[in-house]
Amino acid sequence: FSLSLSVVSCRNRFEFCNFNITGFCVWGFLAGILGIIFEPLGQIAFWPLWLFLGYVYKIIDWSSQVPFAAIQVEVFPWYLVVLYFALLWWGIKYFKLER
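The structure contained in this document is the topic of the report that follows. (Residues numbered from 1 in each chain as written. Predicted model: local features only at pLDDT ≥ 70, side-chain atom pairs only at ≥ 80, totals over all residues. Heavy atoms only, no water.)

**Notes on the packing of helix α2 (residues 21-37) against helix α3 (residues 39-64)**
So, step 1. The contact between α2 and α3 brings their axes to 7 Å, and the two run at 160 degrees. If you check the angle between α2 and α3, you find them roughly antiparallel. Every pair of crossing elements has a handedness; the one defined by α2 and α3 is left-handed. Residue-level inspection shows Ile21, Phe24, Trp27, Gly28, Ala31, Gly32, Leu34, Gly35 and Ile37 of α2 in contact with α3, the latter providing Glu39, Leu41, Gly42, Ala45, Phe46, Pro48, Leu49 and Phe52.
So, step 2. In the contact of α2 with α3, the residues fall into 12 nonpolar, 4 polar and 1 charged. (Axes fitted to C-alpha atoms, helices over the stretch in contact; angles between N-to-C directions. Helix = DSSP H or I, 4+ residues; strand = E, 2+ residues; numbered from the N terminus. Parallel < 35°, antiparallel > 145°, perpendicular 65-115°, else oblique. Left-handed = near helix turned anticlockwise from the far one by under 90°. Contact = heavy atoms within 4.5 Å. Nonpolar A, V, L, I, M, F, W, Y, C, P; charged D, E, K, R; others polar.)

Next comes the structure, spelled out in structure tokens:
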């Protein structure tokens, strides 16, 4: 098995830390409620969120086109993982029975 480690994800996280993601989620929820009550006001309330999501989409699109954006990392073979957890399970069961 191999694992794909993103190199550009740290930069993307710093880019999005400039925005209050939770605030935009709450704003989207309230705009949705407003849209249920009166649709034109809900649409107007969603326009700033649409701009933010467009920005997020552009950042993700840009970072996916960067050469070497991800590094392949080799990890343990699956049978060693299974063996590790089997030994862990046996050890927990064994020491639990001794008490």
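Having put the structure on the table, let's press on.
**Some details on the packing of aromatic side chains**
So, step 1. With the rule as written, the count across this model stands at 4 aromatic pairs.
So, step 2. When the centroid spacing of 4.3 Å and the interplanar angle of 5 degrees are considered together, the rings of Phe24 and Phe52 count as stacked. Of the two residues, Phe24 sits in helix α2 while Phe52 sits in helix α3, which places them 28 residues apart along the sequence.
So, step 3. Seen in terms of ring centroids, Trp90 and Tyr94 are 5.2 Å apart; in terms of plane orientation they differ by 15 degrees. Their pairing is stacked. (Phe/Tyr/Trp six-rings, centres within 6.5 Å; stacked < 30°, edge-to-face > 60°.)

**Regarding α2**
For an α-helix, the turn length of 3.6 residues means that residues three or four places apart are oriented alike.
So, step 1. For α2, built from 17 residues, the straight-helix expectation of 24 Å at 1.5 Å per residue is met to within 8% by its first-to-last C-alpha distance of 25 Å.
So, step 2. For α2, the elements touching its buried residues are α3. (Expected span 1.5 Å × (residues − 1).)

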